[in-house]
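# Inside the fold
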Amino acid sequence: MGSLSASILGADLAHLADQVKAVEPFVDMFHIDIMDGHFVPPIALGAVVVASLRPVTQVTFHGHLMVDAPAQYFDELREAGLDIVSFHLEAVPEPAPAIAKARGAGMGVGLTINLGTPVIAVAPYLEDIDDLMLMSIEPGWSGQPLSPSVYPRLEEARRMIDAAGLQVALEIDGGVKIENAKAAVDAGATVLIAASGIFGQPDPAGAAEQLSMIAEGAA
Ligand code: DX5
Ligand code: ZN
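In this report, we go over the structure that sits alongside the text.

Conventions and cut-offs
- Residues numbered from 1 in each chain as written.
- Chains lettered and ligands numbered in written order.
- Predicted model: local features only at pLDDT ≥ 70, side-chain atom pairs only at ≥ 80, totals over all residues.
- Heavy atoms only, no water.
- Near = heavy atom within 4 Å.
- Polar contact = N/O pair within 3.5 Å; in protein donor to acceptor, adjacent residues only side chain to side chain.
- Areas by Shrake-Rupley, 256 points an atom, 1.4 Å probe, with all protein chains shown as cover.
- Helix = DSSP H or I, 4+ residues; strand = E, 2+ residues; numbered from the N terminus.
- Expected span 1.5 Å × (residues − 1).
- Buried < 20%, exposed > 50% of the residue type's maximum accessible area, 1.4 Å probe, protein only.
- Contact = heavy atoms within 4.5 Å.
- Core = buried A, V, L, I, M, F, W, Y, C linked by side-chain atoms within 4.5 Å.
- Donors = N, O, S within 2.8 Å, 3.2 Å for Na, K, Ca; no water.
- Tetrahedral: all angles 85-135°; square planar, octahedral: opposite > 155°, others 65-115°.
- Pairing = 2+ DSSP bridges.
- Right-handed = clockwise from strand over helix to strand, strands pointing away.

### A look at the site of ligand 1
Taken together, 20 residues lie around ligand 1, and Gly-140, Ser-142, Asp-173, Gly-175 and Ser-196 are the ones closest in. One nitrogen or oxygen atom from the side chain of His-64 is found 3.1 Å from an oxygen atom belonging to ligand 1. Computed on the free molecule, ligand 1 has an accessible area of 380 Å², of which 100% lies beneath the protein chains in the complex. Residue assignment for the shell around ligand 1 shows that the elements contributing at least two residues are β2 (29-36) and β4 (60-66).

### Overview of helix α5 (residues 150-163)
For α5, built from 14 residues, the straight-helix expectation of 20 Å at 1.5 Å per residue is met to within 8% by its first-to-last C-alpha distance of 20 Å. For α5, every residue scored as buried is listed here: Val-150, Tyr-151, Arg-153, Leu-154, Ala-157, Arg-158, Met-160 and Ile-161. Against β6 (108-113), β7 (131-135), β8 (169-173) and α6 (181-186) lie the buried residues of α5. Immediately beyond the C-terminal end of α5, within one or two residues, lies Gly-165, with a positive phi of roughly 65°.

### What to know about the nonpolar core
One finds Phe-30, Phe-87, Leu-132, Leu-154, Ile-172, Leu-192 and Ile-198 to be the most contacted residues of the largest nonpolar core, which totals 66 residues. For this core, the element with the highest residue contribution is α5, accounting for six residues. Beyond its immediate chain neighbours, meaning those up to four positions away, Leu-132 contacts Leu-111, Val-122, Leu-126, Ala-157, Val-168, Ala-169, Leu-170 and Glu-171.

### A look at the coordination of the zinc ion (ligand 2)
With distances of 2.1 to 2.2 Å, the protein atoms coordinating the zinc ion (ligand 2) are His-31 (NE2), Asp-33 (OD), His-64 (ND1) and Asp-173 (OD). Coordination geometry of the zinc ion (ligand 2): the six donor atoms subtend angles of 74 to 170° at the metal centre, consistent with an arrangement described as octahedral. Sequence spacing among the residues donating to the zinc ion (ligand 2) works out to H-x1-D-x30-H-x108-D. Of the two residues, Asp-33 sits in strand β2 while His-64 sits in strand β4, which places them 31 residues apart along the sequence.

### Digging into the pairing of β6
Of all six residues in β6, six are buried; the element is thus mostly enclosed. Bridge count for strand β5 (residues 84-88) against β6 is five bridges, and the pairing is parallel. Paired with His-88 across the bridge in β6 is Thr-112. Of the crossover connections in this fold, the one passing from β5 over helix α4 (residues 96-104) to the parallel β6 is right-handed. In this sheet, β7 lies alongside β6 in parallel orientation, the contact comprising four bridges.

Written out as structure tokens, the structure reads:
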């Protein structure tokens, strides 16, 4: 029984509230990509966007921090209304202090890894996190095709989570579309994240509804 997370990076930001309201009935989370121009080349979104959007919806806000030294942003993001924060394992020398800081700030916490990082690298931290996000593209841009190399990585992560008897959510981020979503679920993903697969479609609400059914295992 999985869920759907809509990545607002793919929305028309001039009409963000309207776009969020249009897909809200079909999504379990909004995914907010935060980029600092260092960890990834672009600069995108941030606490001001979280704060502006917070009164618009009750749906969970999940921040995906593509930044160096992520922990310095946790307090302001929490204050702005973020519910769950994920940061990249590649961005920190050691994730434990940042995990503890996110918990201290009252947020759920997740780790994200790029396609080039071995899945086993997250094993020591699985017990301490709520979600594990596997990138299926190079982080930084919406609209890239999903790399099929993510499927065996999802399977490996699924085995690790199950073997440890944990309930860690397993998220896939990048290039998720109606055509490939079932393969991601079959490989073990419990949360599908989509930007262009929702907001780039002629009927974003219809696309979200279909993706949500696939995530739930109902289609
Ligand atoms: C990219 C972001 C993704 C992005 C996904 O760095 O982390 O969340 O919004 O976009 P699509 O679904 O279009 O690949
Ligand atoms: Zn993301």
